[in-house]
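# Understanding the architecture of this molecule
Chain residues, written in single-letter form:
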Amino acid sequence: ADPPSSQGHVSPTNATRRLPDIIIIGVRKGGTRALIEMLSLHSDVVAAQREVHFFDWDSHYQRGSDWYLSQMPYARPDQLTVEKTPAYFTSARVPERIRRINPDARLLLIVREPTERLLSDYTQVFHNRLEKRKRQQMLETLLIRDGELNLDYKALNRSLYHVHMRRWLDVFPRSRVHLVDGDVLIKNPLVEMKKVEEFLHLEPQINASNFYFNQTRGFFCLRDRRRERCLHGSKGRKHPRVAPEILRKLYDFFHEPNRKFFELVGRTFDWKS
Ligand code: A3P
């Protein structure tokens, strides 16, 4: 889980906790933290501090919707509440559970080029565990079995977006899910955030002055009336080098799943495969 961001906990008058109007359902390593932080730039949005894991962890789900509500921030009646738990996207029981408890929620899914997302996922798991050279060897062992891609590797499965998306669309209409292009969000956050504002019917407010490029980090950082901030250092890690023949295998492999995903969601993304 991400480290919590540093918003206050004071409850202004009229503010109450409400079930989230918006849920960022994933995908893990798609840029979910950037998305929720950027959305929080808008004065009509308040975000839950931590990943709630209500719908995917049985121990939380069994505590019921009152517990879920207690995890939400205070919001004024004119504000929207948002929570993000990237594990929701790939968790089979989650769509139906959301429909039961919070049927009106609007869903945001941020996706990234599947191979890049896989490498980011892998890097997150092994970053603190292995030194650099071992990390590269380990990646090959996980990815390749008997010369072929190992389809049982979880991080690879999480990049099969069409498999997971299908389950969501069995439960929610397509119009309820807005897709954010995570690769564009990295390079041009404003473009994607304007689309998010529109989807959520928010008054257009997020603008170019909310973002500035930080050379040292190599990413955009955020600025609002109160302060300037970059995302935590765990966002934007260097990925391991991958042998070109393995990269090729990955791009080839994802070609068909990507096509199915594009067909399912009725749009395309500018991905290598
Ligand atoms: P990498 O660390 O692989 O580069 P999540 O928040 O879902 O875990 O996603 C993390 C990813 O968000 C990072 O993956 C990074 O590429 C991406 N990201 C997008 N916008 C960013 C920003 N402004 N600052 C830092 N990382 C950003």
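Residues numbered from 1 in each chain as written. Predicted model: local features only at pLDDT ≥ 70, side-chain atom pairs only at ≥ 80, totals over all residues.

Another aspect to go through is the site of the ligand. The ligand sits among 18 residues. The nearest are Thr32, Arg33, Ala34, Ser120 and Phe219. Elements with a minimum of two residues in the shell around the ligand: α1 (32-39), α5 (114-126), α9 (182-187) and β11 (219-223). The leading source of residues in the shell around the ligand is α1, at 3 residues. Along the lines of polarity and charge, the residues of the shell around the ligand split into 7 nonpolar, 6 polar and 5 charged. (Near = placed C-beta within 6 Å. Helix = DSSP H or I, 4+ residues; strand = E, 2+ residues; numbered from the N terminus. Nonpolar A, V, L, I, M, F, W, Y, C, P; charged D, E, K, R; others polar.)

For the rest of this paragraph, the subject is the sheet that holds strand β9 (residues 177-181). The pairing of strands in a sheet comes from backbone hydrogen bonds and takes either a parallel or an antiparallel form. Overall, parallel pairing links the 5 strands, which are arranged β3-β5-β2-β6-β9 in an open sheet. Edge positions in the sheet fall to β3 (45-47) and β9, since each has one partner strand and no second. With strand direction ignored, the average angle separating the axes of adjacent strands in the sheet is 25 degrees. Two strands pair when backbone bridges link them, and strand β6 (residues 106-111) and β9 are joined in this way by 5 bridges, in the parallel orientation. Note that in β9 the partner of leucine 108 across the bridge is histidine 178. (Pairing = 2+ DSSP bridges. Axes fitted to C-alpha atoms, helices over the stretch in contact; angles between N-to-C directions.)

What follows covers the packing of helix α4 (residues 94-101) against helix α8 (residues 161-171). Axis separation between α4 and α8 bottoms out at 8 Å; the angle between their running directions is 25 degrees. Here α4 is positioned roughly parallel relative to α8, judged by the angle of their axes. Both α4 and α8 take part in a crossing whose hand is right-handed. Taking contact as the criterion, the partners of Pro95, Glu96 and Arg99 in α4 are, on α8, Arg167, Trp168 and Val171. (Parallel < 35°, antiparallel > 145°, perpendicular 65-115°, else oblique. Left-handed = near helix turned anticlockwise from the far one by under 90°. Contact = placed C-beta atoms within 7 Å.)

Further remarks concern the UniProt feature "active site" (unreviewed entry) in the chain. Within this structure's numbering, the places UniProt gives as "active site" (unreviewed entry) are Lys29. Within the secondary structure layout, lysine 29 lies in the loop between β2 (22-26) and α1. Owing to 25 C-beta atoms within 10 Å, lysine 29 belongs among the buried residues under this scheme. Leaving out residues up to four positions away in the same chain, lysine 29 has contacts with Arg112, Arg117, Ser120, Asp121 and Gln124. (UniProt positions renumbered as here; feature names shortened; annotations may be inferred. Buried ≥ 20, exposed ≤ 12 C-beta atoms within 10 Å, placed from the backbone.)

Here tryptophan 271 is to be found in the segment after α11 (244-265). If sequence neighbours within four positions are ignored, tryptophan 271 has contacts with Glu113, Pro114 and Asn258.

This part covers the pairing of strand β5 (residues 80-84). For β5, a buried count of 4 out of 5 residues is recorded, marking the element as mostly surrounded by other parts of the structure. Bridge count for β2 against β5 is 3 bridges, and the pairing is parallel. Note that in β5 the partner of isoleucine 22 across the bridge is valine 82. Relative to β5, β3 is paired through 3 bridges, and the arrangement is parallel. In the sheet register, alanine 47 faces β5, and the bridge partner there is valine 82.

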